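Here is what each chain is made of, one letter per residue.
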Amino acid sequence: MNYDLKDILNKIDSKEIREFLYDNLINNDYLLNKFRIKFNNFFPKLSRSAYENKIAMAINNCANKRGYIEYGNTDSYECAMLEYLDEAWKLVSIKDFATAFTIVSLILDSIPKTDIDDSNGSTGMVADHCQKVMYDILDCLDNKDTLVKDILDYVFMEVKSLTLYNYGIQLYKMLEYFIQKKLYLEEITRVLQDSLEVNCEKSLYVRQKITEYLKLLGV
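First, a word on scope: everything that follows refers to the structure included in this document. (Residues numbered from 1 in each chain as written. Predicted model: local features only at pLDDT ≥ 70, side-chain atom pairs only at ≥ 80, totals over all residues. Heavy atoms only, no water.)

1. Things to note about the overall build of the protein chain
Here is the rule: Working definition: helices are DSSP H or I runs of at least four residues, strands are E runs of at least two. Numbering for both runs from the N terminus. Buried, partly exposed and exposed residues are distinguished by accessible area as a fraction of the type maximum, computed with a 1.4 Å probe on protein chains only: under 20%, between the cut-offs, and over 50%, respectively. Computed with a 1.4 Å probe, the accessible areas rest on the Shrake-Rupley method; for each residue, only the protein chains presented here act as cover.
When helices and strands are counted, the protein chain shows eleven helices and zero strands. Starting at the N terminus and walking to the C terminus, you meet the elements of the protein chain as α-α-α-α-α-α-α-α-α-α-α. For the C-alpha atoms alone, the extent of the protein chain along its principal axes is close to 70 × 40 × 35 Å. Burial statistics for the protein chain: of 219 residues in total, 39% are counted as buried. Carbon together with sulfur atoms contributes 52% to the accessible area of the protein chain, which is approximately 13100 Å² in total.

2. Concerning the packing of helix α2 (residues 14-26) against helix α3 (residues 29-38)
Threshold: To obtain an axis, a line is fitted to C-alpha atoms, over the contacting stretch when the element is a helix, and the angle between two such axes runs from 0 to 180 degrees between their N-to-C directions. Only heavy atoms matter for contacts: two residues are in contact if any of them lie within 4.5 Å across the pair. Residues were grouped as follows: Ala, Val, Leu, Ile, Met, Phe, Trp, Tyr, Cys and Pro as nonpolar; Asp, Glu, Lys and Arg as charged; and all remaining residues, including Gly, as polar.
Viewed as axis vectors pointing N to C, α2 and α3 meet at an angle of 115 degrees, and their least axial separation amounts to 6 Å. Here L21, N24 and L25 of α2 lie close against α3, whose contacting residues are L31, L32 and F35. Grouping the constituent residues of the contact of α2 with α3 by class yields five nonpolar, one polar and no charged.

3. Things to note about the packing of helix α8 (residues 146-161) against helix α10 (residues 185-198)
Applied cut-off: Here is the rule for angles: anything less than 35 degrees is roughly parallel, anything more than 145 is roughly antiparallel, 65 through 115 is roughly perpendicular, and the remaining ranges are oblique. Here a crossing is taken to be left-handed if its near helix is turned anticlockwise relative to the far helix by less than a right angle, and right-handed if that turn runs clockwise.
Where α8 contacts α10, the two axes come as close as 10 Å, and the packing angle between them is 15 degrees. Accordingly, the angle class assigned to the pair α8 and α10 is roughly parallel. Handedness of the crossing formed by α8 with α10: right-handed. Along its contact with α8, which presents K149, L152, D153, F156, V159 and K160, the element α10 presents E187, I188, V191, L192, S195 and V198.

4. Remarks on helix α4 (residues 48-60)
Owing to its 3.6 residues per turn, the α-helix aligns residues three or four sequence positions apart on the same side. The following threshold applies: How far a helix is expected to stretch is found by multiplying one less than its residue total by 1.5 Å. Directions from the helix axis toward the C-beta atoms define the arc.
For α4, spanning 13 residues, the distance from its first C-alpha to its last is 18 Å, which sits close to the expected 18 Å at 1.5 Å a residue. Turning to α4, its buried residues are Y51, I55, A58 and I59. Viewed end-on, α4 has its buried residues packed into an arc of 100 degrees, placing them on one side of the element. Those residues of α4 that are buried are in contact with α3, α5 (74-93) and α6 (97-110).

5. Some thoughts on the packing of aromatic side chains
To keep things clear, this is the line we draw: Two aromatic rings from Phe, Tyr or Trp, using only the six-membered ring of Trp, form a pair when their centres are within 6.5 Å; if the ring planes differ by under 30 degrees the pair is stacked, by over 60 it is edge-to-face, and anything between is tilted. Sitting over a ring, as applied to charges here, requires NZ of Lys or CZ of Arg to be within 6 Å of the ring centre and within 35 degrees of the ring normal.
Within this structure, the stated rule accounts for six aromatic pairs. An angle of 75 degrees between the planes, with centres 6.2 Å apart, marks the rings of F35 and F43 as edge-to-face. For F35, a relative accessible area of 25% puts it in the partly exposed group. F43 sits in the partly exposed class, given a relative accessible area of 29%. Its end group placed over the ring of Y184, K149 keeps NZ or CZ at 5.8 Å from the ring centre.

Structure follows, in structure tokens:
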């Protein structure tokens, strides 16, 4: 680039820039969504269904006509999901923990439904960031906050089904956080014991981890 973009912007009348920005935002859903994520504190709060639709659309935009995300488009998938995770982190920073968790859970829920060439570990990387946001949320909450239990219940669903584990995502390991904090220990014990029976033939590794957790719980 052989010009100074900042210098050019400084020379253009601010009204003209706003008009240009408006015209382009109103006609470009992708650009509008990036603008909304950047300045989300100025926009109305989105519903869960709205986020679900936007995340699904972002994934679909990375796919070919058959709905498959080829290896060459996995970077686009990662960038799209990371944009929503950036929004989740911004929401954590302004203490809107519930909406941040909504975004994270929707992204995690989308992974088993996403037809993608995952040979470079794109979904695992996205899932790792989702878990980091969840830990950040938990670290900001009082242990008695109802959202703490909502997050635990979400982890319980994974412990019972191992759906994400089948995609190489070990969400159940978040139970260590609750065990270390001595939260909901009786319920965790019951869920782990039930899961040990249900999943006893699914994965030796998971069975070993569940047994470890039960030992931590004194069972």
